[in-house]
Amino acid sequence: MSLSIGQVAERTGLSVHALRFYEKEGILANQVHRGPGGRRVYTQQDVDWLRMCIMLRMSGMPVPEIRRYTELVRQGDGNELQRLEILKEHQERVRQQMAQLQDCMDLITHKVGVYQDYVNSIAAKAVGQ
């Protein structure tokens, strides 16, 4: 199945500009083919790859690191240990990020409770008057 750049943008949530950027940066695992008239033609495999890259970016992986991972995938078998190391290092960074976010959530939850109790006590006093 061939997909236009607009269809890929729709399926991934990326803008056409972002898709071109990803292609220019060497983020796509496969070379994007051109159809009649020079228009880009994508496959479902490209969409699946882009979805993974989007998740890696959303989790904070820098573009150069995604590019390095992509280059290793393009090289084929024999570098799985390097790919594993990239993903394990990123996994650890995400774990640390999640722990920090949990600390933030705990603080925010505490402050919401404090203010909710205060607002409730004011409302109770107003009803009691």
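Residues numbered from 1 in each chain as written. Predicted model: local features only at pLDDT ≥ 70, side-chain atom pairs only at ≥ 80, totals over all residues. Heavy atoms only, no water.

## Thoughts on the overall build of the chain
1) Next: Assigned secondary structure in the chain consists of 5 helices and 2 strands.
2) Next: Along the chain, helices (α) and strands (β) appear in the sequence α-α-β-β-α-α-α when read from the amino end.
3) Next: Here the C-alpha atoms of the chain give a radius of gyration of 23 Å, more than 25% beyond the 14 Å that 2.2 N^0.38 yields for 129 residues.
4) Next: Along the three orthogonal principal directions, the C-alpha set of the chain runs to about 80 × 40 × 20 Å.
5) Next: For the chain, the residues scored as buried account for 28% of the 129 residues in total. (Helix = DSSP H or I, 4+ residues; strand = E, 2+ residues; numbered from the N terminus. Rg over C-alpha atoms; globule rule 2.2 N^0.38 Å. Buried < 20%, exposed > 50% of the residue type's maximum accessible area, 1.4 Å probe, protein only.)

## Concerning the packing of helix H1 (residues 5-12) against helix H2 (residues 16-24)
1) Next: Close contact between H1 and H2 brings their axes to 9 Å; oriented N to C, the two are set at 100 degrees. Taken together, the axes of H1 and H2 lie roughly perpendicular to each other. Side by side, H1 and H2 meet where Ile-5, Val-8 and Ala-9 of the first sit next to Val-16, Leu-19 and Arg-20 of the second.
2) Next: Here the residues of the contact of H1 with H2 sort into 5 nonpolar, no polar and 1 charged. (Axes fitted to C-alpha atoms, helices over the stretch in contact; angles between N-to-C directions. Parallel < 35°, antiparallel > 145°, perpendicular 65-115°, else oblique. Contact = heavy atoms within 4.5 Å. Nonpolar A, V, L, I, M, F, W, Y, C, P; charged D, E, K, R; others polar.)

## Regarding the pattern of salt bridges
1) Next: Going through the model one piece at a time under the given rule, you end up with 6 salt bridges.
2) Next: The closest approach of N and O atoms between Arg-93 and Glu-65, which form a salt bridge, is 2.9 Å. With Arg-93 in helix H5 (residues 80-128) and Glu-65 in helix H4 (residues 63-75), the pair connects residues that are 28 residues apart, well separated along the chain.
3) Next: By relative accessible area, Glu-65 is classed as buried at 18%.
4) Next: Residue Arg-68 pairs with Glu-71 through a salt bridge whose shortest N-O separation is 4.0 Å. Pair noted here: Arg-68 and Glu-71 are both in helix H4, with a separation of 3 residues, about one helical turn. (Salt bridge = Lys/Arg side-chain N within 4 Å of Asp/Glu carboxyl O.)

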